[in-house]
Each structure stands twice: as structure tokens, then as C-alpha cells.
Amino acid sequence: MDIQGVVTAGFEPVRDAFVRNFEVLGDRGAAVAVYRDGRKVVDLWGGTKDADGAAPWTEDTAQVVRSATKGVAAAVPLLLHQRGLLDLDAPVGAYWPEFKAGGKEKILVRDLLAHRAGIPALDRGLTAAEAADGVSGPRAVAAQRPFWEPGTGHGYHAQTYSWLLSELVLRVTGRTLGCVLAEEIAEPLGVDFWIGLPDAEAEAGRVGRVAPVEPPESAGVLRTRPRRNVSEAYADPASLTRRAFAAIDPLPDENAPAYRAAELPASNGIGTARALARFYAATIGVVEDGARIFTPATAALAAREHSAGPDRVLVVNTRFGAGYMLHGPASPLLSPASFGHPGRGGSLAFADPEAGIGFGYVTNALAKSVTADPRAQALVRALKSVL
């Protein structure tokens, strides 16, 4: 495997793990980047741009990162909070009056970020066109009755997170979440990450094609069976698990131009591993050119536990901060101080304020993993070994 990029002395084990991901764990095309104390120390890429093609992955290849989008999207409401424009302890209905319907008057902004709102699914799944039109999704979640008493427990809002956050940001700012992200975070920080791919980037052909893959026989770890109750939840069409992931039904073609152009903050962010690593580095400190996103207080808020224990959707124990998944058995990050988000199928990005780390891994070979992909975990273990 021809691996391109650079590794600072002392971080070679990360490169070794990245190579092994291709040789043993079935990666087709991927990139990994690491920042430490604001400086880039790992920036590697290899394989093919398309999971089902032959063109090489290049330095600026970007990919759909699925739910790793959520961590980047969460920075927008937290930035608004940091600026005094959004109160996390205010009812969502104070900004979005229609949201009060169906017994949701007491749901707080904080509940949306921490997956405690009780709206992980819809009574009727939206089509891909409805999901992307900017109107049908917010209208559906505003009308939806909660599946449990809001604030009494948590469950992963796999798809509905898109419309909850996007409409809230629109009501507060008059701009879409993707627009605020581009203008207030991505452009000032100089990162290639979009929620809503611009026409110019689409025409440039930088974005590779993702595809589901079966693990090779050599990757026995990928074939580990999940616990029975988890398997049953995903198999049962009536379960809250299946219904949460089927809030868009049928699932959209993630390689379609219309999907890439849409703004779905839960699932369709597009970017590079380098962008994710730099983004997370800037949430916990100053990066190389002096840029920063969060104050120390906001970074602490992101990492502070808001939800923990049995997840009513994922059917495992999960932990969430204000918009971020936290370190735990279901989603191991670098340490208990870490906050970030995995993407179903492989991608992972996070910050670790204690170690001064910003990490990003992006792949186009989508495995069956949900929160703890073996390829991402191998890279995290390698990183941990050198710190």
C-alpha cells in the first residue's frame, strides 16, 4: 500500500496502524490526521478515492462522514451560546414556538444536544427529498409526540438530530446551520468541511464515493457478533432502534449530488481527516495560525456529561455531553476527557483536552460498525501508545 503524507518523529506507530488497516482490516481509501497542542503531527492518506474505483486518494480528497457530522454541527449552537445568543437552559419553544406541540413545552435546548428530547424517530419516515427540503423535517419533529418523557432518559437521535438542530439555528440566526458553519467556523479556521456541499466543490470532483464493504477473512475482529439484544433491536422493524435509523425511508443514496448538497447536520457532512483534526484541535486550544473556536468554558461544557447509561435507541450504555459523544465502552475515544463523535461505518473525530489532541479519521469503506469501528480503534490505540 502506497501511503502518502507526513508523520512527526515519535508518531510512527500511527502510520503502522494505518497501513495495517489496509492490509488486514479491509480499508479501501482513507485518511488520518492528528494535531497535538495545536500543531499537526500526523497527516496520512492512501488507497482509492472511491471505495468501488481505482483513482487514487489524493491530499485533498473529502468524504461523507455520516454521524461524525454531529460533532461538527454541535459547534454551531455552542458557539451561539458562547456569544450569548442561545440559552441552553431555555425551552426550545422559546425560539421555535411550533415545537411546543405534542407535550414538548418543557424540552430544553440542552436536551436536544444531549439526545434527551425523546424524539429519535417519526411516526412516518420522510423520503430523501422531504428530508432535504428544509421544511418537512422541522415540521415533522415539531408535530411529533415524544417517545418517552423528555429529560428522563436518553436515546440516540440518529436522523432527527438534523432537523432539531438545523431549525433551532435557523430560528436564532436567520441562517441555515451549514451557512453559519461555513462563515463562522470553517472559513476562518481554514478547514475543508461542509454541511451542504457547495457547487464549486462538487464540480471540482474532490469528493469520493462511499460504499458498504464486507470485512475480509483476515479481519476476524470485525466479525464479532453484537449482543443478542442489540441484534434483535436492529432486526425488529417496530423497535425504536430501527425506527430511529429509518426516519429517512428509504435510506438516501449518499453519493447522489442532491444528497451531498442538502444540509443534514446528523449525517451528511463532507470533509477531510485533516479538517476534522484541526477543527477539534481548535475546540480545545489555539492551532498553528492562532485560530480558535471555543473558550475554555465552552470546551468544558462540550465534554461535561449530560446523559449516561442505557441508550433507548442504541441499546447499549452511552455517554453524551452537549452535542458530543463521550468516551465509554460503546465508543472508546482516547481517554475519559475526550469528546467527539463516530460516524456509522468507520469515521471518527474527537478532541482530548488533557492530551492536547485533535483527531480525525475518514474512510470510504463503510463497515457494519455503529460506534466503535476496529480501524478507527486501531488508530486510537496506536496514538495512545505514543503519548
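Note: the structure precedes this text.
Residues numbered from 1 in each chain as written. Predicted model: local features only at pLDDT ≥ 70, side-chain atom pairs only at ≥ 80, totals over all residues. Heavy atoms only, no water.

Tell me about the overall build of the protein chain, and please be specific about residues and values.
On a plain count of helices and strands, the protein chain comes out with 14 helices and 14 strands. For a compact globule of 387 residues, the expected C-alpha radius of gyration is about 21 Å, and the protein chain comes in at 19 Å, within 12% of that figure. Oriented by its inertia axes, the alpha-carbon framework of the protein chain measures out at about 55 × 45 × 40 Å. Counting the 387 residues in the protein chain, one finds 59% classified as buried. For the protein chain, the share of sequence-separated contacts (at least 6 apart) that also reach a separation of at least 24 residues comes to 68%. (Helix = DSSP H or I, 4+ residues; strand = E, 2+ residues; numbered from the N terminus. Rg over C-alpha atoms; globule rule 2.2 N^0.38 Å. Buried < 20%, exposed > 50% of the residue type's maximum accessible area, 1.4 Å probe, protein only. Contact = heavy atoms within 4.5 Å.)

An account of the pattern of salt bridges is requested, with residue identities and associated values reported.
Here the structure, examined in full by the defined rule, presents 21 salt bridges. A salt bridge links Asp-43 to Lys-40; the nearest nitrogen and oxygen atoms lie 3.3 Å apart. Judged by relative accessible area, which is 5%, Asp-43 ranks as buried. What makes Lys-40 partly exposed here is its relative accessible area of 29%. The partner of Glu-98 in a salt bridge is Arg-171, and the shortest N-O contact between them spans 2.9 Å. (Salt bridge = Lys/Arg side-chain N within 4 Å of Asp/Glu carboxyl O.)

Describe helix α7 (residues 177-189), listing the residues and the values that go with them.
The largest bend in α7 comes to about 35 degrees, at Glu-183. Listed as buried for α7 are Leu-177, Gly-178, Val-180, Leu-181, Ile-185, Ala-186 and Leu-189. Next to the buried residues of α7 lie α2 (68-82), α6 (161-173), β5 (193-194) and α12 (273-284). Phi for Gly-190, located one or two positions after α7, is positive at around 75 degrees. (Bend = angle between axes of the 7 residues up to and from the residue.)

I'd love a proper account of the side chain of His-115, names of residues and values included.
Following the sequence through the fold, His-115 ends up in the loop between α3 (109-113) and α4 (128-132). By relative accessible area, which is 0% here, His-115 ends up buried. Among the polar contacts made by the side chain of His-115, one reaches the main-chain amide nitrogen of His-157 at a distance of 2.9 Å. If we skip the residues at most four places from it in the chain, His-115 touches Lys-70, Trp-148, Gly-153, His-154, Gly-155, Tyr-156, His-157, Tyr-161 and Phe-320. (Polar contact = N/O pair within 3.5 Å; in protein donor to acceptor, adjacent residues only side chain to side chain.)

Which residues make up the pairing of strand β9 (residues 317-320), and what values go with them?
Working note: regular strand, side chains alternate between the two faces of the sheet. Covered by surrounding structure in β9 are Thr-318 and Phe-320 only, the residues Asn-317 and Arg-319 on the alternate face being uncovered. In sequence, strand β8 (residues 307-310) turns back onto β9 through a hairpin of six residues, with Val-315 there showing a positive phi of about 60 degrees. (Pairing = 2+ DSSP bridges.)

Outline unusual backbone geometry, supporting the account with residue identities and numerical values.
A negative phi holds for most residues other than glycine; trans holds for most peptide bonds. Geometrically, the link from Asp-249 to Pro-250 is a cis peptide bond, its omega value of 0 degrees lying close to zero. Considering the arrangement of structural elements, one finds Pro-250 in the loop between α10 (240-245) and α11 (257-261). For Asp-37, which is not glycine, the phi torsion reads 50 degrees and is therefore positive. With respect to the element layout, Asp-37 can be found in the loop between β2 (29-36) and β3 (39-47).

I'd love a proper account of the nonpolar core, names of residues and values included.
Counting residues in each nonpolar core, the largest one holds 76 residues, and the members touching the most others are Leu-78, Trp-163, Phe-279 and Tyr-324. If sequence neighbours within four positions are ignored, Leu-78 has contacts with Leu-88, Leu-113, Phe-294, Thr-298, Leu-301, Ala-302, Ala-322 and Tyr-324. With 26 residues, the next largest nonpolar core counts Ile-3, Val-42, Ala-355 and Val-380 among its residues. (Core = buried A, V, L, I, M, F, W, Y, C linked by side-chain atoms within 4.5 Å.)

Now, about the packing of helix α1 (residues 12-23) against helix α14 (residues 374-386): what can you tell me, with residues and values included?
Their axes nearest at 8 Å, the elements α1 and α14 cross at an angle of 165 degrees. For the element pair α1 / α14, the angle class is roughly antiparallel. Pair α1 / α14 crosses with right-handed handedness. Contacts from Pro-13, Val-14, Ala-17, Phe-18 and Asn-21 of α1 reach α14 at Arg-375, Ala-378, Leu-379, Ala-382, Leu-383, Ser-385 and Val-386. Residue composition of the contact of α1 with α14, grouped by class: nine nonpolar, two polar and one charged. (Axes fitted to C-alpha atoms, helices over the stretch in contact; angles between N-to-C directions. Parallel < 35°, antiparallel > 145°, perpendicular 65-115°, else oblique. Left-handed = near helix turned anticlockwise from the far one by under 90°. Nonpolar A, V, L, I, M, F, W, Y, C, P; charged D, E, K, R; others polar.)

Lay out the pairing of strand β13 (residues 357-363) with the relevant residues and their values.
By the criterion of burial, β13 is predominantly enclosed, with seven of the seven residues buried. Neither face of β13 is left uncovered, since the one carrying Ile-357, Phe-359, Tyr-361 and Thr-363 and the one carrying Gly-358, Gly-360 and Val-362 both have all their residues buried. Note that β2 and β13 share seven bridges and pair antiparallel. Paired with Val-32 across the bridge in β13 is Tyr-361.

Provide a residue-level description of α2, including the pertinent values.
Here α2 spans 22 Å end to end across 15 residues, near enough to the 21 Å set by a 1.5 Å rise per residue. Counting buried residues in α2 gives 13 out of 15 residues, a clear majority hidden from the surface. Two residues or fewer past α2, Gly-84 is found with a positive phi of approximately 80 degrees. (Expected span 1.5 Å × (residues − 1).)

Before we move on, can you summarise the side chain of Thr-298 with the specific residues and values?
By secondary structure assignment, the location of Thr-298 is in helix α13 (residues 296-303). For Thr-298, the side chain forms a polar contact with the side chain of Gln-82, separated by 2.7 Å.

Would you mind going over the sheet that holds strand β7 (residues 270-271) in detail, with residue names and values included?
Judged by pairing direction, the sheet is antiparallel, and its three strands sit side by side in the order β4-β7-β5 without closing on themselves. Two strands close off the open sheet at either side, each with one partner strand: β4 (63-64) and β5.

Lay out the packing of aromatic side chains in plain terms, naming residues and giving numbers.
Applying the stated rule across the entire model yields ten aromatic pairs. On the numbers, 6.2 Å between centres and 10 degrees between planes, the contact of Tyr-156 with Phe-320 is stacked. Of the two residues, Tyr-156 sits in the loop between α5 (136-143) and α6 while Phe-320 sits in strand β9, which places them 164 residues apart along the sequence. Looking at Tyr-156, the relative accessible area reads 4%, which means it is buried. (Phe/Tyr/Trp six-rings, centres within 6.5 Å; stacked < 30°, edge-to-face > 60°.)

From the geometry alone we can't say anything about function, so treat these as descriptive.
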